[in-house]
Structures are given as structure tokens and as C-alpha cells.
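Here are the chains, one letter per residue:
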Amino acid sequence: DVVLTQTPSTLSATIGQSVSISCRSSQSLLDSAGNTYLYWYLQRPGQSPQLLIYLVSNLGSGVPNRFSGSGSGTDFTLKISGVEAEDLGVYYCMQATHADTFGAGTKLELK
Amino acid sequence: QVTLKESGPGILQPSQTLSLTCTFSGFSLSTYGMGVGWIRQPSGKGLEWLANIWWDDDKYYNPSLKNRLTISKDTSNNQAFLKITNVDTADTATYYCARMLGSYWYFDFWGPGTMVTVSS
């Protein structure tokens, strides 16, 4: 299985602060066709997960542009440029290059 | 408008078979590129992908659970199904179904989830 390691596990931020979450894969997520199936999801308290970023750096539909994704190979980052109250929750990275796996999650809370 | 809703037994006993139904609207599983996936989440824990089924009936399973999982669909009634055999307490979780787009392989619309408890 491909293991995704997210750091930090908990992130405390103030409103307006910019933060980053790291996702490292135990194997390269670049497939033979040149695609990298790496995604980011946000699960707000009591809600189902929602798609934020797909294929490393593409914003999901309706996702604010304060969210951005970057990375390649085995190292990926989600950045929030100016945290807002509605951004609180647990962030998961997920890969689908190999059999789908999720990271353990990063909880974003207010400082 | 795309919506999905999961349904299940709520509670079942160890060794039984768990049968889950995902009823959806706003898309068709007979349309090229469409898929439905199942994901579960034990209370207070992370997400675990279980299985996907595609418009062409292609199926993918979590290798660690493959022997216990069966995914299927009823295109006419806009439903997808997941069966998990020989359940035990470790299968206690909220089970989600989600729509997938084949070109991107992401889960773009999720159902609210259904809680399943395995207990004797």
C-alpha cells in the first residue's frame, strides 16, 4: 500500500494567517502517462468531506482561490493564503495513482 | 443537481454480511466516465477507500479488503451497492458513497453518510 504521511497532525492558526500542510508519499505518484493523482479534501465538523484540489494543483468547483496545491513525485503541499473561519476542519490528502489511500489528516483549529 | 444518499442496516452482528445502498440523482452510471466510490470512516478517525465502480462496470477494490467486498450497480434505478462479508467490530464506521469522474478520478459529490455498528 502507498502510505501518505501528513504533517503537521494539528495546525493552530489565527484568522488571516497563511498556513501549509505537507503530504509525503511512500512511492512516486507520477504514473506512466505523466499524470499525478493527488487530491486534497476538507472535512468540516459534522460534514462529509469536500474536494478542494485535484491533480495536485487544480481548484475544485467553487473552491476559493486562497487554497492552492503544489508538488510532484512524492512531496506535496496544500497552502491556505489567509485562513478564514470556514476553513476549520480536517484536511486529507489522497492518492489514486495506486490503489486509493488517504493521509491520516491534519486538523486546522483556531489559535 | 447531483445528490447521493447512503442507506444501510444501522446495526448488525459479527460474521453477518453488510449490505449498503447508494441512491443518487443528477447523473447516470450509464454515462461515459461516471463512477461511484465507497469510503468509510470510523468515529473520530480517518478515511478509508473501499471500492469504485464505473459506467462500463469496471470495478476496483481496496486490496486489504478485496476478499470481503463486492460492489455493483443498478443503472435503471440510479443505485450502487456495496456488500461486506463476515463483518466484525472493526467495520463499525460511517460509510459514504461519492460520485467520481473518470477523467480526474476524484470524489466530487459525497452523500451524508450512513452509520453502521457491528455489535453482538
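Residues numbered from 1 in each chain as written. Chains lettered and ligands numbered in written order. Predicted model: local features only at pLDDT ≥ 70, side-chain atom pairs only at ≥ 80, totals over all residues. Heavy atoms only, no water.

Trainee: Before we go on, may I ask you to explain the nonpolar core in this structure?
Mentor: For soluble globular proteins, nonpolar side chains are generally found buried alongside one another. The biggest cluster of nonpolar side chains holds 49 residues, and the ones touching the most others in it are Tyr39(A), Tyr41(A), Phe102(A), Val36(B) and Phe107(B). Examining the composition of this core, we find that seven residues originate from one element, strand β9 (residues 93-101) of chain B, more than from any other. When residues no more than four places from it in sequence are discounted, the contact partners of Tyr39(A) are Leu51(A), Ile53(A), Tyr54(A), Leu55(A), Tyr92(A), Cys93(A), Met94(A), Ala96(A), Tyr104(B), Trp105(B) and Tyr106(B). (Core = buried A, V, L, I, M, F, W, Y, C linked by side-chain atoms within 4.5 Å. Buried < 20%, exposed > 50% of the residue type's maximum accessible area, 1.4 Å probe, protein only. Helix = DSSP H or I, 4+ residues; strand = E, 2+ residues; numbered from the N terminus. Contact = heavy atoms within 4.5 Å.)

Trainee: Just checking my understanding: could you explain the pattern of salt bridges for this structure?
Mentor: When the charged atoms of two side chains with opposite charge come close together, those side chains can pair. Counting across every chain of the model gives ten salt bridges over all chains. In this structure, Arg66(A) engages Glu86(A) in a salt bridge whose closest nitrogen and oxygen atoms are separated by 2.8 Å. Of this pair, Arg66(A) sits in the loop between β6 (58-59) and β7 (67-72) while Glu86(A) sits in the loop between β8 (75-80) and β9 (89-95); the two residues are 20 residues apart in sequence, bridging distant segments of the chain. Look at Arg66(A) and you get buried, because its relative accessible area is 11%. Of the charged contacts in the structure, one is a salt bridge between Asp57(B) and Lys59(B), with a shortest N-O distance of 3.8 Å. A residue is classified by how much of its surface remains accessible, and Asp57(B), at 38% relative accessible area, is partly exposed. One connected set of salt bridges, linked through shared partners, spans Arg66(A), Glu84(A), Glu86(A) and Asp87(A). (Salt bridge = Lys/Arg side-chain N within 4 Å of Asp/Glu carboxyl O.)

Trainee: Mind showing me how you'd approach the state of the cysteines here?
Mentor: By definition, a disulfide is the covalent link that joins the sulfur atoms of two cysteine residues. Residue and element names in this part refer to chain B. Applying the stated criterion across every chain yields a total of two disulfides over all chains. Sulfur-sulfur distance for the disulfide between Cys22 and Cys97 comes to 2.1 Å. For the disulfide bridge between Cys22 and Cys97, the dihedral angle about the S-S bond is near 70°, and by the sign convention the bridge is right-handed. One end of the pair, Cys22, is in strand β3 (residues 18-25); the other, Cys97, is in strand β9, with 75 residues separating them in the sequence. Classification of Cys22 by relative accessible area gives buried; the value is 0%. When its relative accessible area of 0% is taken as the criterion, Cys97 is described as buried. (Disulfide = S-S within 2.5 Å.)

Trainee: Mind showing me how you'd approach the sheet that holds strand β1 (residues 3-7) of chain B here?
Mentor: The strands making up a sheet associate through hydrogen bonds between their backbones, and the pairing can be parallel or antiparallel. All names here are of chain B. Within the open sheet, the four strands sit side by side as β1-β3-β8-β7. Their pairing is antiparallel. The open sheet terminates on both sides in strands that have one partner only, identified here as β1 and β7 (69-74). Averaged over neighbouring strand pairs, the angle between their axes works out to 15° when direction is ignored. As paired elements, β7 and strand β8 (residues 79-84) share six bridges and run antiparallel to each other. Within the sheet, the bridge partner assigned to Ser72 lies in β8 and is Phe81. (Pairing = 2+ DSSP bridges. Axes fitted to C-alpha atoms, helices over the stretch in contact; angles between N-to-C directions.)

Trainee: Please explain the environment of Asp91(B) as it appears in this structure.
Mentor: Residues and elements named next belong to chain B. By the element assignment, Asp91 lies in the loop between β8 and β9. Sequence separation between Asp91 and Trp38 is 53 residues; the distance between their C-alpha atoms is 13 Å. Beyond its immediate chain neighbours, meaning those up to four positions away, Asp91 contacts Arg40, Arg68, Asn86, Val116 and Val118. Reaching out from Asp91, the side chain makes a polar contact with the side chain of Arg68 at a distance of 2.6 Å. (Polar contact = N/O pair within 3.5 Å; in protein donor to acceptor, adjacent residues only side chain to side chain.)

Trainee: Any chance you could explain the packing of aromatic side chains here in plain terms?
Mentor: The description of an aromatic ring pair rests on the distance of the ring centres and on the angle between the ring planes. Under the defined criterion, the tally for this structure stands at 14 aromatic pairs over all chains. When the centroid spacing of 5.7 Å and the interplanar angle of 75° are considered together, the rings of Tyr96(B) and Trp110(B) count as edge-to-face. Of this pair, Tyr96(B) sits in strand β9 while Trp110(B) is found in strand β10 (residues 106-110), placing the two residues 14 residues apart along the sequence. Summarising the burial analysis for this pair, Tyr96(B) and Trp110(B) share the class buried. An aromatic cluster is built from Tyr41(A), Phe102(A), Tyr96(B), Phe107(B) and Trp110(B), whose rings are joined through pairwise contacts. One cation-aromatic arrangement involves Arg99(B) over Phe27(B); the distance from NZ or CZ to the ring centre is 5.5 Å. (Phe/Tyr/Trp six-rings, centres within 6.5 Å; stacked < 30°, edge-to-face > 60°. Lys NZ or Arg CZ within 6 Å of the ring centre and 35° of its normal.)

Trainee: Could you clarify how one ought to interpret the interface of chain A and chain B in this entry?
Mentor: One frequent convention defines the size of an interface as the accessible area lost when the parts assemble. Contact with chain A, which involves 16 residues of that partner, is made by 18 residues of chain B. Summed over both sides, the interface between chain A and chain B buries roughly 1,500 Å², with carbon and sulfur atoms accounting for 63% of that surface. Taken as a group, Pro49(A), Asp100(A) and Phe102(A) account for 34% of the area that chain A buries against chain B, more than any other trio of residues on that side. For the interface between chain A and chain B, the tally reads seven residue pairs in polar contact (both at pLDDT 80 or more). Contributing elements (two or more residues each) for the side of chain A that touches chain B: β4 (38-43), β5 (50-54) and β9 of chain A. In terms of residues, the side of chain A that touches chain B owes the most to one element, β4(A), which gives three residues. Residues that form the side of chain A that touches chain B fall into these classes: twelve nonpolar, three polar and one charged. (Buried area = accessible area lost by both parts, 1.4 Å probe. Nonpolar A, V, L, I, M, F, W, Y, C, P; charged D, E, K, R; others polar.)

Functional significance is not addressed by these values, which are geometric in nature.
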